[in-house]
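Single-letter residue listing:
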Amino acid sequence: MGSTETSRAPRILRVEVMPLDCGETAVVVELASPPGRAWEKALKRVISETEGLESAQSRCDGRFVYIIGIEPGGRGTLHRVNQVLAATHERIAPRNGHSMPMPQQPAGAMVNASL
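So, a few notes on the structure that sits alongside this text. Quick caveat: nothing in here was measured; it's all calculated off a predicted structure.

1. Digging into the overall build of the chain
So, point 1. Each helix and strand in the chain was counted, giving four helices and five strands.
So, point 2. Taking as baseline every contact in the chain between residues at least 6 positions apart, the subset at least 24 positions apart corresponds to 64%.

2. Comments concerning the pattern of salt bridges
So, point 1. One pass over the full model with this rule turns up four salt bridges.
So, point 2. The closest approach of N and O atoms between Arg14 and Glu30, which form a salt bridge, is 2.9 Å. Note that Arg14 is positioned in strand β1 (residues 12–19) and Glu30 in strand β2 (residues 25–31), a separation of 16 residues in sequence.
So, point 3. Overall, the relative accessible area of 29% leaves Arg14 in the partly exposed class.
So, point 4. The exposure class assigned to Glu30 is buried, which follows from its relative accessible area of 13%.
So, point 5. Within this structure, Arg14, Glu16, Glu30 and Arg63 form a network of salt bridges that share partners.

3. Looking at the packing of aromatic side chains
So, point 1. Per the stated rule, a full pass over the model turns up one aromatic pair.
So, point 2. The interplanar angle of 20 degrees and the centroid separation of 6.5 Å between the aromatic rings of Phe64 and Tyr66 together place this pair among those described as stacked.
So, point 3. Among the residues examined, Phe64 registers a relative accessible area of 25% and is labelled partly exposed.
So, point 4. On the basis of relative accessibility, which here comes to 31%, the residue Tyr66 falls in the partly exposed class.

4. Points about the environment of Val65
So, point 1. Turning to its location among the elements, Val65 is positioned in strand β4 (residues 64–70).
So, point 2. Of the residues examined, Val65 reaches a relative accessible area of 0% and is grouped as buried.
So, point 3. With 50 residues separating them along the chain, Val65 and Val15 place their C-alpha atoms 9.4 Å apart.
So, point 4. Residues in contact with Val65, not counting those within four places in the same chain, are Val27, Val28, Val29, Leu31, Trp39, Leu43, Ser58, Arg59 and Cys60.

5. Overview of a positive patch on the surface
So, point 1. The grouping of Arg37, Lys41, Lys44, Arg45 and Arg59 at the surface amounts to a positive patch.
So, point 2. Looking at the positive patch element by element, the count peaks at four residues for helix α2 (residues 37–49).
So, point 3. Residue placement: Lys44 occurs in helix α2.

6. Let's talk about the nonpolar core
So, point 1. Counting 22 residues, the largest nonpolar core has Val27, Val29, Trp39, Ile67 and Leu85 as its most contacted members.
So, point 2. Among the elements of the structure, β1, β2, α2, β4 and α3 (77–92) are those that each provide at least two residues to this core.
So, point 3. Per-element accounting of this core gives the leading share, six residues, to α2.
So, point 4. Among residues more than four places away in sequence, those in contact with Val27 are Val15, Glu16, Val17, Val65, Tyr66, Ile67, Ile70, Thr77 and Val81.

Quick notes on the rules
Residues numbered from 1 in each chain as written. Predicted model: local features only at pLDDT ≥ 70, side-chain atom pairs only at ≥ 80, totals over all residues. Heavy atoms only, no water. Helix = DSSP H or I, 4+ residues; strand = E, 2+ residues; numbered from the N terminus. Contact = heavy atoms within 4.5 Å. Salt bridge = Lys/Arg side-chain N within 4 Å of Asp/Glu carboxyl O. Buried < 20%, exposed > 50% of the residue type's maximum accessible area, 1.4 Å probe, protein only. Phe/Tyr/Trp six-rings, centres within 6.5 Å; stacked < 30°, edge-to-face > 60°. Patch = residues over 30% accessible without salt bridge, like charges linked within 9 Å, V, L, I, M, F, W, Y side chains within 5 Å. Areas by Shrake-Rupley, 256 points an atom, 1.4 Å probe, with all protein chains shown as cover. Lys, Arg positive; Asp, Glu negative; His and termini not counted. Charge placed at Lys NZ, Arg CZ, Asp CG, Glu CD. Core = buried A, V, L, I, M, F, W, Y, C linked by side-chain atoms within 4.5 Å.

Just distances and angles here, no functional claims.
Right, dumping it as structure tokens:
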């Protein structure tokens, strides 16, 4: 895997927010391609710096990213996660030598929230 491959920001296909039986909230993000290591590290860093998500953890499994440990009852979970994903993209994009915005899709096509 080359350096371009490891620092590329993957395109986001879908984001789902789900309440868990244990009382926490989980978020599943489906990506167009598996993220590189630099993107994974940037995501973890941004999550730890985001108010209300400090205790959350992320795990990447192929094209899926799981964010767990989000406190229940926090309004705007989907909005905060979308901000985290945008901030992660911004941290990675300058390393590629360009900062291209992600293509816009209809809101219903990209986001499914059960909350």
